[in-house]
Amino acid sequence: MSNVELQHNQAGLVQINRKKRWRTNASWKRFKKNKLAVFGAIVLITLLIVSVLAPILAPHNPYESTKGELGLFDVLAPPSGEHLLGTDSLGRDMLSRIIYGGRVSLTVAFVAVMIATFTGVLLGVVAGYYGKWVDTVIMRITDVVICFPVLFLAITVATILKPSLFNVIIIIGLVSWTTMTRLVRGEVLRLREMEYIEATKAMGQSDFIIIIKHILPNIMAPIIVQGTLQTAEAILTESALSFLGVGVQQPIPSWGNMLNEATSIMVLQFKPWVWMPAGFAILLTILCINFVGDGLRDALDPKEKN
Amino acid sequence: MKKYLIKRLLQSIPILIGITIMTFAIMQLSPGNPMQTMIDPKISSEEMQRAQENLGLNDPLPVQYFTWIKEVFTGNLGYTVKTGQPVGQLILERLPATLLLTGTAFVMAFVVGIPLGVYSATNRFKAPDYVLTVLSFIGISIPSFFFGLGMIFIFALKLGWMPTSGMVTIGADLTGFAKFMDYVKHVTMPSIVLALPTIAVVMRFTRSSMLEVLNQDFIRTADSKGLSKLKVNLKHALRNALIPVITIFGLSIPFLFGGAYITEHIFNWPGMGSLGIQSIVAREYPVIMALNLFTSILVMTGNLLADVMYAWADPRIRY
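Residues numbered from 1 in each chain as written. Chains lettered and ligands numbered in written order. Predicted model: local features only at pLDDT ≥ 70, side-chain atom pairs only at ≥ 80, totals over all residues. Heavy atoms only, no water.

Student: Tell me about the nonpolar core, and please be specific about residues and values.
Tutor: In terms of nonpolar packing, the biggest core is built from 104 residues, with A:Leu259 and A:Trp275 touching the most fellow members. Residue contributions to this core peak at 14 residues, all from helix 15 (residues 272-300) of chain A. Two domains each put at least three residues into this core: domain 1 (2-73) and domain 2 (89-313) of chain B. Every residue in contact with A:Leu259, bar those within four places of it in the chain, is listed here: A:Phe243, A:Trp275, A:Ala278, A:Gly279, A:Ile282, B:Phe145, B:Phe146 and B:Leu149. (Core = buried A, V, L, I, M, F, W, Y, C linked by side-chain atoms within 4.5 Å. Buried < 20%, exposed > 50% of the residue type's maximum accessible area, 1.4 Å probe, protein only. Helix = DSSP H or I, 4+ residues; strand = E, 2+ residues; numbered from the N terminus. Domains from an automatic or database assignment. Contact = heavy atoms within 4.5 Å.)

Here is the structure:
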């Protein structure tokens, strides 16, 4: 398989489109065969739809404390017909908060990964393509940043900055670009030596055009796979930050800060509906993203298997 | 080997310097000036200025950096804002508990992960392999705080088999074997929570490495010689399959120390991790910075160890 690909690459620009179509079809077939990946994709699409339609689907206002029959706030009520997943310690409907929380958690993860991917790809391409001292400087910085565990670095920065939705996104984005940089640099180094790039250079194309049109399209597969896996990581980081109280702040619901209530042993032991659904929501989402990421890797990049 | 080791050690020097610069930079970003929090508010602003001058707080940043780095090298990591305790001492007090927990988790990760990986590989495309694959995905996907809370909920609160938190039973004056059992009881749940993702990674790694080795010619030779399946798998295949797994040894060290923050917090384990979380809540920047420095140097050492061990185990590798 890799043989065919190589021939196409060496054949040059004219063949790129055909190769791409060939790869897309075969990739899709391989992806469809991976049952876990398909399952993951279906669950994630459902989650996305639920998040988009949150205002329509949520039975209650996630910010409002609901009142029970006696006119008192319905605090920590167990699941019932009125509140399918019960209410939290302020009497807010849990199901609605889960739905809105997913919206927040997914948005944070998605935007943060966009930032991380953009930074990572940019630095990786520049380092790999220009080489020499640019490469040295960028990669030494990457070596340093990679030494700080993502979660702890995120916690530290989150403690220093004022906690807000915007800051959480920026923090996660800015601490998780290192793996992407290393990956992209390696790929660019490999491609840079290819004959078709040399040919493009001989034709007098600018560096920018070469990078955008001839290098990036050929390294999209590993970028997509890494980006997907990074999203799982970002959700995990966001929920951990929010769980510790330095991420998304109340009253904005996020799956992480909903689990924070379980730090009270009373809630943990006797009100499992307050913390379990959010926990399972995080687990299911990350699990499905990992399924999809793994499926994509097998489908797009068969060489990289295992 | 020696040349490689020296080269690799020299490479870590700029990284080490980078780590200290980055820690210093983050420290500069932290709000407030140590003077404002530590000094009597009744003091006049002129006196404050003079004190700042004397303490070198008005020096240019590079000068401040070198002053700081000199102190760090002599083992002075600063003092806590509230109690004035030396940070280095505080961390050293908490270190043994963390080492116990991460050590237990480390052993558990490999003792459980490697056999599962071998089992999964030798049963490829059969039910156990699929089940283990899904389980390993869950292992890397479950947030440690949720898993920890779930364990406490089921095994401590509902079933009452395990203590909910801490490292020893408070007030119990145990000795000898009873003390050891008390420790085992307390360490079981946190170490499982801490080890789970690493177990999953070790398992996946062992599995794919085993599969690769099992495809090779010498395994077919061993098979056709009529050796038993068990002997081929364990004696011929596993030995070779374990070489790449060695890299996980080094890489898992920082992962376990990083994971210890949340796990220790959940189980109220009196180690460095819960110290870190407490410092975050109390906004104890000197402690947070020292822990950052400590953890990142640990990660660097882990990476170094992984590379060196890999090169030692497989003489073909030299890069």
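From this point, things continue past the structure.
Student: I'd like a rundown of the side chain of B:Thr23, residues and numbers included.
Tutor: Position of B:Thr23 relative to the elements: it lies in helix 1 (residues 2-29). If sequence neighbours within four positions are ignored, B:Thr23 has contacts with A:Phe148, B:Trp68, B:Met289 and B:Leu293.

Student: A description of a nonpolar patch on the surface should follow, citing residues and the corresponding values.
Tutor: Residue and element names in this part refer to chain A. Among the surface-exposed residues, Ile45, Ile49, Val52, Leu53, Ile56 and Leu57 lie close enough to one another that they form a single nonpolar patch of about 580 Å² accessible area. Mapped by element, the contributors of at least two residues to the nonpolar patch are helix 3 (35-52) and helix 4 (54-57). The biggest single contributor to the nonpolar patch is helix 3, with 3 residues. Structurally, the position occupied by Leu57 is in helix 4. Leu57 sits in the partly exposed class, given a relative accessible area of 42%. (Patch = residues over 30% accessible without salt bridge, like charges linked within 9 Å, V, L, I, M, F, W, Y side chains within 5 Å. Areas by Shrake-Rupley, 256 points an atom, 1.4 Å probe, with all protein chains shown as cover. Salt bridge = Lys/Arg side-chain N within 4 Å of Asp/Glu carboxyl O.)

Student: How would you explain the domain arrangement of chain B if you had to name every residue and give the values?
Tutor: Residue and element names in this part refer to chain B. With domains assigned, chain B is organised as domain 1 (2-73) and domain 2 (89-313). Inter-centroid distance (C-alpha atoms) of domain 1 to domain 2 is 35 Å. Contact residues are listed per partner, giving 16 residues for domain 1 and 11 residues for domain 2. Interface of domain 1 and domain 2: buried area, both sides summed, is about 1,200 Å²; carbon and sulfur atoms make up 83% of it. Contact with domain 2 buries area across many residues of domain 1, yet Tyr4, Arg8 and Ile19 alone supply 35% of it, more than any other trio. On inspection of domain 1 and its partner domain 2, the count reaches 1 salt bridge. Of the charged contacts, one joins Arg8 and Asp307 as a salt bridge, the two residues approaching to 2.8 Å between their closest N and O atoms. Only helix 1 and helix 4 (61-73) provide two or more residues apiece to the side of domain 1 that touches domain 2. Per-element tally for the side of domain 1 that touches domain 2: the top contributor is helix 1, with 12 residues. The residue inventory of the side of domain 1 that touches domain 2, partitioned by class, reads 11 nonpolar, 4 polar and 1 charged. (Buried area = accessible area lost by both parts, 1.4 Å probe. Nonpolar A, V, L, I, M, F, W, Y, C, P; charged D, E, K, R; others polar.)

Student: Outline a positive patch on the surface, supporting the account with residue identities and numerical values.
Tutor: Residue and element names in this part refer to chain B. Residues Lys225, Lys231, Lys235 and Arg239 make up a contiguous surface patch of positive charge. Within the fold, Arg239 resides in helix 10 (residues 229-267). You can call Arg239 exposed: its relative accessible area is 61%. (Lys, Arg positive; Asp, Glu negative; His and termini not counted. Charge placed at Lys NZ, Arg CZ, Asp CG, Glu CD.)

Student: Before we move on, can you summarise the environment of B:Gly75 with the specific residues and values?
Tutor: If you trace the backbone, B:Gly75 turns up in the loop between helix 4 and helix 5 (87-122). Residues B:Gly75 and B:Gly88 lie 13 residues apart in sequence; the distance between their C-alpha atoms is 7.1 Å.

Student: Could you give me a rundown of the interface of chain A and chain B, with the residues and numbers involved?
Tutor: Each partner contributes to the interface: chain A provides 39 residues, whereas chain B provides 42 residues. For the pairing of chain A and chain B, the buried interface totals around 3,800 Å² over both sides, and the portion due to carbon and sulfur atoms is 83%. The largest contributions to the chain A side of the interface with chain B come from A:Phe148, A:Phe152 and A:Ile160, which together make up 18% of the buried area. Our count for the contact surface shared by chain A and chain B stands at 0 salt bridges. The interface formed by chain A and chain B holds 3 residue pairs in polar contact (both at pLDDT 80 or more) in total. (Polar contact = N/O pair within 3.5 Å; in protein donor to acceptor, adjacent residues only side chain to side chain.)

Student: Outline the packing of aromatic side chains, supporting the account with residue identities and numerical values.
Tutor: Scanning the entire structure with this criterion turns up 17 aromatic pairs over all chains. Ring plane angle 20° and centroid distance 4.1 Å describe the contact between A:Phe152 and B:Tyr261, whose orientation is recorded as stacked. Here B:Tyr261 lies in helix 10 and A:Phe152 lies in helix 7 (residues 150-160), a pairing that spans two chains. On the basis of relative accessibility, which here comes to 3%, the residue A:Phe152 falls in the buried class. Residue classification places B:Tyr261 among the buried residues on the basis of a relative accessible area of 2%. One aromatic cluster in this structure is built from A:Trp275, A:Phe280, B:Phe146 and B:Phe153. (Phe/Tyr/Trp six-rings, centres within 6.5 Å; stacked < 30°, edge-to-face > 60°.)

Student: Residues and numbers for the environment of A:Tyr100, please.
Tutor: All names here are of chain A. Position of Tyr100 relative to the elements: it lies in helix 5 (residues 94-130). Accessibility expressed as a relative area gives 15% for Tyr100, which makes it buried. Through-space distance from the C-alpha of Tyr100 to that of Trp255 is 9.1 Å; in sequence the pair is 155 residues apart. The contacts of Tyr100, once residues within four sequence positions are left out, are Ala54, Pro55, Ala58, Pro62 and Pro253.

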